[in-house]
Amino acid sequence: MSAPKGRGFWKDNSLSLVFGALLLAALAGQAWWGVLGYNAEARTQGLQEVSLWRYLTSSSFAVDVAENWQSEFLQFALYIALTVWLVQRGSSESKEPGEEGRESDEQQLVGEFAQPDSPGWARAGGWRTRLYSHSLVLVMALVFLAAWSAQAVAGRVADNEERMRELLDPVGLGAYLVSPDFWGRTLQNWQSELLAIGTMAVFAIYLRERGSPESKEVGAPHHVTRSSD
Amino acid sequence: MVRRRRRARVRTASVLLVGLPAVLLLAGCGADDERRQAATVADTFAADIAGDPQAACELLAPRTRQSVEQDGEPCARVLEQDDLPTPGERMAVSVAGHSAQVRYAEDTVFLSLFDDGWRVTAAGCARTSSDPAVPYDCTVEGS
């Protein structure tokens, strides 16, 4: 992450900044189209329309956001964890076959092999190094669990709002957790994430994007898993 | 720089871990208020049916009132003739978003939230099936 001098904050962080801006734009678009859809349904049923702000704080919006967030973080947590042990020969998204596993302290620059500018907890040893060694998956998994829980809580409210409009009894959280609405929302997101990341791992064997770190060099052979580090 | 980034990550995680339960707690308090208000409207509607049907009409959601008056009869007369059950003791109140259900010993009332408060969308409702996917059968409801 250390950058040559003179490049400046914006250039050095352009990837995060652009994705942050795209996220906000997409969320704004989702809110705008979402409130239009919500209000169209309300008019159909002769019910009250809501303001954009009211929709932004509604369970309907929250569940639609959370169901996508949970699947994204699950996808990355799974991919980060599974690529420790599983490989795909020829894919730039994989380690070399034969390199499966946690690797040595020397390879991972921890403990006595830590460098002067290594993170403090990589050098500290003990539980701190063990915890830091899994911090990426742990945080991804925690955010996944938080988003999935939020999906369950908000999804139940949104589903119950709809159920009572249709003169049905509301359901408790336990019943909602085994309901078609909860698992439908969950699995439709999981399958698309798994498809995307699995496809990425395989496409990266044969296809190239010149200049992208997610791709092998254009001229790298298909059988080579990591053409350069 | 590395330390600052690490602090930022810890701050983000703290916001997620502390902020989410706080939001859920606040949502819970708001829901209590909404439950009370929905129950009050349902109770008033039940009392007005017997004592002041015209006032009960004012508590109906627009689509429901339209449905009640569809044969050209005044709303108050239709409600009097509909012979809605005496609800009895209030058993449970559920609120989710803009919808609510108030269950009494002998009746169930559904409500929806409008700009001027909770309004009754269906009353005199009873279950006609043990299948939870089958809606209540209601004496008064919107079309």
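Residues numbered from 1 in each chain as written. Chains lettered and ligands numbered in written order. Predicted model: local features only at pLDDT ≥ 70, side-chain atom pairs only at ≥ 80, totals over all residues. Heavy atoms only, no water.

**Student:** Is there a simple way to explain the overall build of chain B in this structure?
**Tutor:** For chain B, the count of helices and strands is 4 helices and 5 strands. For chain B, the sequential pattern of α-helices and β-strands runs α-α-α-α-β-β-β-β-β. Looking at chain B as a whole, 36% of its 143 residues qualify as buried. Contacts in chain B between residues far apart in sequence, at least 24 positions, make up 37% of those at least 6 positions apart. Total accessible area computed for chain B in this model is approximately 8100 Å², and 53% of it derives from carbon and sulfur atoms. (Helix = DSSP H or I, 4+ residues; strand = E, 2+ residues; numbered from the N terminus. Buried < 20%, exposed > 50% of the residue type's maximum accessible area, 1.4 Å probe, protein only. Contact = heavy atoms within 4.5 Å. Areas by Shrake-Rupley, 256 points an atom, 1.4 Å probe, with all protein chains shown as cover.)

**Student:** What exactly am I supposed to notice about the sheet that holds strand S2 (residues 99-104) of chain B here?
**Tutor:** Whether parallel or antiparallel, the strands of a sheet pair through hydrogen bonds between backbone atoms. Residue and element names in this part refer to chain B. Strand order in this open sheet of 5 strands is S1-S2-S3-S4-S5, and the pairing throughout is antiparallel. This sheet does not close on itself; its edge strands, each paired only once, are strand S1 (90-96) and strand S5 (137-141). Averaged over all pairs of adjacent strands, the angle between strand axes in this sheet comes to 25°, irrespective of strand direction. The pairing of strand S3 (residues 108-114) with strand S4 (residues 117-126) spans 6 bridges and is antiparallel. (Pairing = 2+ DSSP bridges. Axes fitted to C-alpha atoms, helices over the stretch in contact; angles between N-to-C directions.)

**Student:** Any chance you could explain the packing of aromatic side chains here in plain terms?
**Tutor:** In this description, a pair of aromatic rings is defined by centroid distance and the angle of the planes. Evaluation of the coordinates by the stated rule reveals 13 aromatic pairs over all chains. Ring plane angle 80° and centroid distance 5.2 Å describe the contact between Phe182 of chain A and Trp183 of chain A, whose orientation is recorded as edge-to-face. The class for Phe182 of chain A is buried, based on a relative accessible area of 4%. One residue, Arg165 of chain A, lies across the ring of Tyr38 of chain A, its end atom 5.4 Å from the ring centre. Taking NZ or CZ as reference, Arg127 of chain B lies 4.9 Å from the ring centre of Tyr136 of chain B, over its face. (Phe/Tyr/Trp six-rings, centres within 6.5 Å; stacked < 30°, edge-to-face > 60°. Lys NZ or Arg CZ within 6 Å of the ring centre and 35° of its normal.)

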